[in-house]
Amino acid sequence: QVQLVESGGGLVQAGGSLRLSCAASGRIFSINVMGWYRQAPGKQRELVATITSGSSTNYADSVKGRITITRDNAKNTVYLQMNSLRPEDTAVYYCNCNARDPWNRQGDYWGQGAQVTVSS
């Protein structure tokens, strides 16, 4: 089993910055993709950004140029640096990873969510 613990959410004014962190722990042999998704009130969960173990990244069009995803493979940690935040970025941000355990079983895991609120 893999646990994901997120930190770094909060309240910020429009134009401000926040950095989210997510650390994975548990019976991990390897982690392929790590990513961030978000869900605003009344909306479906949507992709924000993903990053592979080889540091290939993918971003939603709405965040390109403002948000950067990075990871530290040695620490099984993924980060989301969010700049030039807008009120429409307000959502609960969820960390996700696809991991393999020492017995070669693969699973998809989610964090508990971190609230990000951007005031206008």
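Let us look at the structure shown here. Predicted model only: the values in this text are computed from it and were never measured.

Cut-off values and rules
- Residues numbered from 1 in each chain as written.
- Predicted model: local features only at pLDDT ≥ 70, side-chain atom pairs only at ≥ 80, totals over all residues.
- Heavy atoms only, no water.
- Buried < 20%, exposed > 50% of the residue type's maximum accessible area, 1.4 Å probe, protein only.
- Helix = DSSP H or I, 4+ residues; strand = E, 2+ residues; numbered from the N terminus.
- Pairing = 2+ DSSP bridges.
- Axes fitted to C-alpha atoms, helices over the stretch in contact; angles between N-to-C directions.
- Polar contact = N/O pair within 3.5 Å; in protein donor to acceptor, adjacent residues only side chain to side chain.
- Contact = heavy atoms within 4.5 Å.
- Disulfide = S-S within 2.5 Å.
- Phe/Tyr/Trp six-rings, centres within 6.5 Å; stacked < 30°, edge-to-face > 60°.
- Lys NZ or Arg CZ within 6 Å of the ring centre and 35° of its normal.

Burial within strand β9 (residues 91-100) is extensive, with eight of its ten residues counted as buried. Sheet topology places strand β4 (residues 30-39) next to β9; eight bridges connect them, and they run antiparallel. By the bridge assignment, Q39 is partnered in β9 with V92. As defined by bridge partners, β9 adjoins strand β11 (residues 114-119) across three bridges and the pair is classed as antiparallel. By the bridge assignment for β11, A91 is matched with V116. Pairing analysis gives five bridges linking β9 to strand β10 (residues 106-110), with the strands arranged antiparallel. From the neighbouring strand, N96 faces β10, where its bridge partner is W110.

On to the sheet that holds strand β7 (residues 67-72), then. Backbone-to-backbone hydrogen bonds join strands into a sheet, with any given pair of strands oriented parallel or antiparallel. What the four strands build is an open sheet, ordered β1-β3-β8-β7; its pairing is antiparallel. Looking along the sheet, the strands with just one partner apiece sit at the ends: β1 (2-7) and β7. Taking each pair of neighbouring strands and ignoring which way they run, the sheet shows an average axis angle of 15°. With six bridges joining them, β7 and strand β8 (residues 77-82) adopt antiparallel strand pairing. In the sheet register, R71 faces β8, and the bridge partner there is V78.

A separate point is the side chain of R71. Tracing the backbone through its elements, the reader meets R71 in strand β7. Here I51 takes part through its backbone oxygen, which lies 3.1 Å from a polar atom of the side chain of R71. Once you skip the residues sitting within four places of it in the chain, R71 turns out to touch I31, N32, V33, M34, I51, T52, S53, T77, V78 and Y79.

Tallying each qualifying case throughout the model produces one disulfide. In this structure C97 is a free cysteine whose sulfur lies 6.5 Å from that of C95, the closest cysteine sulfur available. Relative accessible area serves as the criterion here: at 0%, C97 is assigned to the buried category.

Moving on, we get to the packing of aromatic side chains. Counted by the stated rule, this structure contains one aromatic pair. Both rings, one in Y37 and one in W110, keep their centres 5.1 Å apart while their planes meet at 65°; by these two values the pair is edge-to-face. Residue Y37 is found in strand β4, and its partner W110 is found in strand β10; the two are separated by 73 residues along the sequence. Stacked on the ring of Y79, the Lys or Arg R19 has its end atom at 4.2 Å from the ring centre. Taking NZ or CZ as reference, R45 lies 3.7 Å from the ring centre of Y94, over its face.

By themselves these figures say nothing about function.
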